[in-house]
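Listed below are the residues making up each chain.
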Amino acid sequence: MINKQTKIAVQCRSIVKTYGSGASEVFALRGVDLDLYEGELLMLVGPSGCGKTTFISIVTALLKADSGVCEVLGQDINALTLEQKVLFRRQSIGFVFQAFNLLPALTAQENVAVPLLIQGRNRKAAMHEAKAVLDSVGLGERIGALPSELSGGQQQRVAIARALVHRPKLIVCDEPTSSLDHKSGQMVMQLLRHIADQSNTTLLVVTHDNRIYHFGDRMAHMDDGRIIKTEMIQEKKETSE
Amino acid sequence: MYQIAIKMLMGDRAKYVGLLLGIAFTAFLVTFALSYFAGFMTRGFALISENSSADVWVMDPAVSSTEMTINMPSSALGRIRSVKGVNYAVPMSLSDITARFPNGHFQTFQMIGVDDATLAGAPVLTDGRLPEVLHTPYSVIVDPGGTSDKLQTPKAPRDQWPFDGAHLDVPTRGLAFGDELLVNDHRVIVAGRSQTIPRFPPRPLLYTTFSNTMRLLPSESRRLTFVLAKAQKGISPHQLAKRIQQQTGLRARTTADFKEETVRWYLINSEDVGDMAAMLILAMTVGFGVTGVMLYMFTYENLKQYAVFKAMGASASMLMGMIFIQASVSAFLGTGLGIGACAIIGESVRMTLDYPFRMMWFTPLFGVLGVLIVSLSAAAISARPVLKLEPGAVFSGR
């Protein structure tokens, strides 16, 4: 729930990003202004090619903006060195991808442990924590399963567990339900909603799926490289509940 | 993360097996090629290996291999025997002769004349007879010397030494005890067959005594090709070789040194070796190419997974480490398989087909080093797209 005391987790001002140069220059972002609050679940919606992916890439320090200021969790992303960006992502960001992007050769537990192993934690401790997080997303019984042995919904829950395991302050979800059927999509969104409510983690969810809008606190509409509207969706959420 | 890298490597069974087979094939090819080369070189100094009891080989100063020789005067033997530290010294003569078979066919042989008294240098006979059979005048021992079906004589007595011209296309059998050959118009008797180390280049051999060579070959004052000397106790072969060289002016080499010189001579002078080396280099290049491309493809096909790691905060050094671990593990396992297969197959063909295969200590080492260098180079090349990879590629639509 956002109120006047809620701290800002992400603050972006006048973000501009272009691809190419000269005659082939394409504006992906034309001055994006957007705030995200701690514990908020923000839905970022808009047509294909409007700049959503570019925006989340900048917020997660995967891409450098041409101009503008983007402070994420108190860090000016554009001012960070490459090494600092790597460290920042490692410690503070969780990712949930449309195609799950689980490593096919690893079990669910090993997949979830990957962010901890990247942080340099020893394997035993990482596997222990991975199991605990898998328990919390309801997959405690499937820790030894390979991704190919899990349903789409289960794979996405493993991916969410992987995004959660290192306790990031910001989780970015890119079309988390578009590869799932309606029921699995709803379950995944309930899980993400629960995370936002319980852990004060900020979630930025990029989606086209209007059936899940009501899980968000706010919705930001994007078009042609700009945020054209933000709106509270509390009422919709209450209606759905 | 290195365990994860290994799991990634082994996770996709089909790719992994393909990769291992590719590397194993390369290791096999490199090791087999080198062992084949070593086998030929070993055959190049077969004469030296057969006479392992000799400590020092003495020859004309211009001779540096067993392949191209010139004879010394007979007096050289006495001079060598007079050198202090020589336990004994025996003569050996090498010459190329053409022998005619009873049906009219002919064949070039290398004739090896050994010491009459000791028969040092005579081979072991395959039928159990003793080399002493050579004491009979005009008797010879025949040896295929790495050739096949060259030592044939007519089956039927009517086809042997016929009066009505040559009987070239008659059924034949292998030369055996009691058969006859014609050498420089002298009839010689086959006293036995031997199966010594095959020669490079392959050629039939005809062993006889030194005095027989004098009878069989045209009169010539110089028939002494080598003198094989044994050192007395307390004298090292190197010391003796040095002494002989100083006191006689002849070239004297220890057995080991002479083998090395012979190999070097082949490497420099033999066109066959050059052709063989070119073929081997081509085979190795293909093998290395296969390994490099397969390793590169393996990493390239996993780019998406590396992008995920990169997005999650994996550093460049961590990713490099993962790629190099994958390359190293594949290289070691593949090389092990390849060298193992090479040893089994090589020894099998050597034993069954008399193939010139000799896996020496350095041949598998070269195989390991070669594959390792190629694998690590391929890993370094394939690391480039991983390091250049934009981690944003993990998002949809990118």
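Sequence positions are assigned chain by chain, starting from 1 and proceeding in written order. Starting at A for chains and at 1 for ligands, labels are handed out in the order in which the entities are written. Local features in a predicted model are, by the rule used here, given only for residues with pLDDT of at least 70; side-chain atom pairs are given and counted only at 80 or more, and totals for whole chains, interfaces and linings are based on all residues. Water and hydrogen atoms were dropped before computing side-chain values, which therefore reflect all heavy atoms in the structure.

Caption draft 1: Local environment of the domain arrangement of chain B. All names here are of chain B. Domain annotation of chain B identifies domain 1 (2–43 + 271–394) and domain 2 (50–269). Those domain boundaries reflect an automatic or database domain assignment. Domain 1 and domain 2 are separated by 46 Å when their C-alpha centres are compared. Facing the 9 residues of domain 1 at the interface are 7 residues of domain 2. At the boundary of domain 1 with domain 2, total buried surface from both sides reaches about 850 Å², with 70% on carbon and sulfur atoms. When two parts are put together, the accessible area they lose, computed with a 1.4 Å probe and summed over both, is reported as buried area. Broken down residue by residue, the surface that domain 1 buries against domain 2 is led by Met 41, Arg 43 and Val 273, which jointly contribute 59%. Counted as salt bridges are all cases of a side-chain nitrogen of Lys or Arg within 4 Å of a carboxyl oxygen of Asp or Glu. In this assembly, domain 1 and domain 2 are joined by 0 salt bridges. Contacts described as polar in this section are N or O atom pairs within 3.5 Å, which, within protein, must combine one atom able to donate a hydrogen with one able to accept it, while residues neighboring in sequence count only if both atoms come from side chains. Where domain 1 meets domain 2, there are 2 residue pairs in polar contact (both at pLDDT 80 or more). By the criteria applied, helices consist of DSSP H or I runs no shorter than four residues and strands consist of E runs no shorter than two, each listed in order from the N terminus. Of all the secondary-structure elements, those providing two or more residues to the side of domain 1 that touches domain 2 are helix H2 (13–44) and helix H8 (271–301). Residue contacts are defined here by distance: any two heavy atoms, one from each residue, within 4.5 Å place the two residues in contact.

Caption draft 2: Seen up close, the sheet that holds strand S3 (residues 41–45) of chain A. All names here are of chain A. In this scheme, strands are said to pair when DSSP sees at least two bridges between them. Spatially, 6 strands are ordered S6-S7-S8-S3-S9-S10 in an open sheet, and the strand pairing comes out mixed. Single-partner strands in this sheet number two, and they are strand S6 (93–96) and strand S10 (226–232). The average undirected angle you get between the axes of adjacent strands in this sheet is 20°. Pairing between S3 and strand S9 (residues 218–223): 4 bridges, direction parallel. Note that in S9 the partner of Leu 44 across the bridge is Ala 220. Each axis is a line fitted through C-alpha atoms, taken for helices only over the stretch in contact, and angles between the N-to-C directions span 0 to 180 degrees. Along the sheet, helix H5 (residues 152–164) contacts S6 and strand S7 (170–174); its crossing angle with S6, the most-contacted strand, is approximately 170°.

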